[in-house]
Amino acid sequence: IEEIHKIRKNLDYIDWKDKFADGISLLGGELYFITDKDIQDEFMLLIDDIINKILLVSTSYRCRYSTVTNGMYDPAFLFRVIDRIKEKTGDMRFIDVNFSYDIKYRYPSEEKRLLALENIKKFRDRYNYAVGVQMILTQYLIDNIMSNKFDFRYFLEEELKGCNFCFLYPHPIHSGFKLNDFFFKREDFLNFCIYLKENFPQI
């Protein structure tokens, strides 16, 4: 609670109207995993400050409350946050919500993967919103798409219908583990780019 209070205070020292008029970004799925009522209530005060001191003050049409989340939780608190922003601003244009999604490494169980996918769809349907979905472009993913073990077309056109999709570069992970199929091979990457251009020009 004390840390959230500090963030709220820090908002007062930044020029959100002009210099940083494009808004604020809060990252980490753990933000919406919170179930403690007191912490939730304090976080909602932060959201109110973001609305009143940033979103409704900014002079930029690009101003957003931007966040990335893993979706591995009951989405009730995430919905509470977004409902507040939508209610106070009267517009979804101030909201930029993205979910991380992967087919290997991210989830501790298949149940968690399905929960994340379900929450992506719930968010899309609840707000009629083209939620962003970000997937790390690993060698494993390339191999599985190219071999059709992972039906990428079905995933995009059926599972993620109405969503915005993008690949993320596989930045180094300092975990102590060697992940043989994480970083893509250059030749495979180039072939994959050609494949995408021919088959998925929308990406």
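Below is a short write-up of the structure. Because the structure is predicted, anything quoted here is derived from the model rather than measured.

The rules behind each value
- Residues numbered from 1 in each chain as written.
- Predicted model: local features only at pLDDT ≥ 70, side-chain atom pairs only at ≥ 80, totals over all residues.
- Heavy atoms only, no water.
- Helix = DSSP H or I, 4+ residues; strand = E, 2+ residues; numbered from the N terminus.
- Buried < 20%, exposed > 50% of the residue type's maximum accessible area, 1.4 Å probe, protein only.
- Pairing = 2+ DSSP bridges.
- Right-handed = clockwise from strand over helix to strand, strands pointing away.
- Phe/Tyr/Trp six-rings, centres within 6.5 Å; stacked < 30°, edge-to-face > 60°.
- Lys NZ or Arg CZ within 6 Å of the ring centre and 35° of its normal.

Some thoughts on the environment of Arg153
Locating Arg153 in the fold gives a position in helix H6 (residues 152-159). In sequence terms Arg153 and Tyr169 are 16 residues apart; their C-alpha atoms lie 21 Å from each other.

Thoughts on the pairing of strand S4 (residues 132-136)
With five of its five residues buried, S4 lies for the most part within the structure. Residues Gly132, Gln134 and Ile136 point to one face of S4 and Val133 and Met135 to the other, with burial holding for every one of them. Bridge analysis of strand S3 (residues 95-100) against S4 gives three bridges, and the strand direction is parallel. Paired with Asn98 across the two strands is Gly132, which belongs to S4. Of the crossover connections in this fold, the one passing from S3 over helix H4 (residues 110-127) to the parallel S4 is right-handed. Pairing between S4 and strand S5 (residues 164-168): five bridges, direction parallel.

Some points on the packing of aromatic side chains
Counted by the stated rule, this structure contains 24 aromatic pairs. For the pair Phe79 and Tyr127, a centre-to-centre distance of 6.0 Å together with 70° between the ring planes defines the contact as edge-to-face. Taken together, the positions of Phe79 in helix H3 (residues 76-89) and Tyr127 in helix H4 put the pair 48 residues apart, joining distant regions of the chain. Since its relative accessible area comes to 10%, Phe79 is described here as buried. Here the aromatic rings of Phe152 and Phe167 are separated by 5.8 Å at their centres, their planes lie at 20°, and the arrangement is stacked. Of this pair, Phe152 sits in helix H6 while Phe167 sits in strand S5, and the two are 15 residues apart along the sequence. By the ring-pair criterion, three or more aromatic residues cluster together here, those being Tyr101, Tyr107, Phe150, Phe152, Phe155, Phe165, Phe167, Phe192, Tyr195 and Phe200. Across from the ring centre of Phe94, 4.1 Å away, lies the NZ or CZ of Arg93, which sits over that ring.

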